[in-house]
Amino acid sequence: QVPLVESGGGLVQAGGSLRLSCTASGTTFYGYTMGWFRQAPGKDREFVASILYTGSSPYYADSVKGRFTISKDYAQATVYLQMNSLNAADTATYFCAAKFGSRSTNYNDYEYWGQGTQVTVAS
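Sequence order as written defines the numbering, with residues in each chain counted from 1. Local features in a predicted model are, by the rule used here, given only for residues with pLDDT of at least 70; side-chain atom pairs are given and counted only at 80 or more, and totals for whole chains, interfaces and linings are based on all residues. Side-chain figures throughout are based on the complete set of non-hydrogen atoms in the structure, without hydrogens or water.

Enquirer: Can you walk me through the nonpolar core in this structure?
Expert: Across soluble globular proteins, nonpolar side chains show a tendency to be buried alongside one another. By convention a nonpolar core is built from buried Ala, Val, Leu, Ile, Met, Phe, Trp, Tyr and Cys residues, the set being connected through side-chain atoms within 4.5 Å. Each residue is placed in one exposure class: buried if its accessible area under a 1.4 Å probe, protein chains only, is under 20% of its type's maximum, exposed if it is over 50%, and partly exposed if it falls in between. By size, the foremost hydrophobic cluster in this structure holds 34 residues, and its most contacted members are L4, F29, M34, W36, L81, M83 and Y94. Where this core is concerned, the elements lending two or more residues are β3 (18-24), β4 (32-39), β5 (46-52), β7 (68-73), β8 (78-83), β9 (92-100) and β11 (117-122). Ranked by residue count, the leading element in this core is β9, at five residues. By definition in these notes, contact holds between two residues if any of their heavy atoms fall within 4.5 Å. In this structure, M34 is in contact with L4, F29, A49, S50, I51, Y53, I70, V79, C96, A97 and A98, ignoring residues within four places of it in sequence. Only DSSP runs of H or I reaching four residues or more are called helices, and only runs of E reaching two or more are called strands; each is numbered from the N terminus.

Enquirer: Whenever I open this one, the pattern of salt bridges confuses me. Can you help?
Expert: Where side chains of opposite charge bring their charged atoms close, a pairing between them can arise. Any Lys or Arg side-chain nitrogen located within 4 Å of an Asp or Glu carboxyl oxygen qualifies as a salt bridge. The full count for this structure, using the stated rule, is four salt bridges. The partner of K65 in a salt bridge is D62, and the shortest N-O contact between them spans 3.1 Å. Assessed through its relative accessible area of 49%, K65 is described here as partly exposed. A salt bridge links R67 to D90, with the nearest nitrogen and oxygen atoms 2.8 Å apart. Of this pair, R67 sits in the loop between β6 (59-60) and β7 while D90 sits in the loop between β8 and β9, and the two are 23 residues apart along the sequence. Accessibility classification places R67 together with D90 in one group, the buried group. Connected through shared salt-bridge partners, R38, E46, R67 and D90 make up one network.

Enquirer: Please clarify how the pairing of β11 should be interpreted in this entry.
Expert: Residues in a regular strand point their side chains to alternate faces of the sheet. What you see with β11 is a clean split: T117, V119 and V121 sit on the buried side and Q118, T120 and A122 on the side with no burial. We treat two strands as partners when DSSP finds at least two bridges between them. In this structure, strand β2 (residues 10-13) lies alongside β11, joined through four bridges in parallel fashion. Bridging from a neighbouring strand, G10 pairs with V119 of β11. Sheet topology note: the β9/β11 ladder contains three bridges and is antiparallel. Considered in β11, the bridge of A92 is made with V119.

Enquirer: Which parts of the structure should I look at to understand the state of the cysteines?
Expert: Our working definition of a disulfide is a cysteine sulfur pair at a distance within 2.5 Å. Summed over all chains, the structure comprises one disulfide. Linked covalently through their sulfurs, C22 and C96 form a disulfide whose S-S length is 1.9 Å. Between C22 and C96, the disulfide has an S-S torsion of -75° and is therefore left-handed. Placement of C22 in strand β3 and of C96 in strand β9 is noted, with a sequence separation of 74 residues between them. Of the two residues, C22 and C96, neither departs from the other in class, the shared state being buried.

Next comes the structure, spelled out in structure tokens:
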């Protein structure tokens, strides 16, 4: 499988910011949608944001609109998730994922996954 590697997680105070990165090794994802999901202990995996590999059509869950920004670096096979105004509800393991074709918020539609990076928001 094509590996996806997330980085940038950590411990941050409420109101702070983090930027997550997702890098695809060995290939590009032309024609794919790139997505971010998160999962807290005992909770279902939740859609966060997605973007086409071209960099167009960013899309966000209502819970993160206005606070998170998804973007793509054209020169590198890297997708970013800039997270601002973090709060305790954002605490979760964050996963990068990819699917062929157009946007979906359903994690079952995504065929490639990273191992996850932990984000913990403390008061």
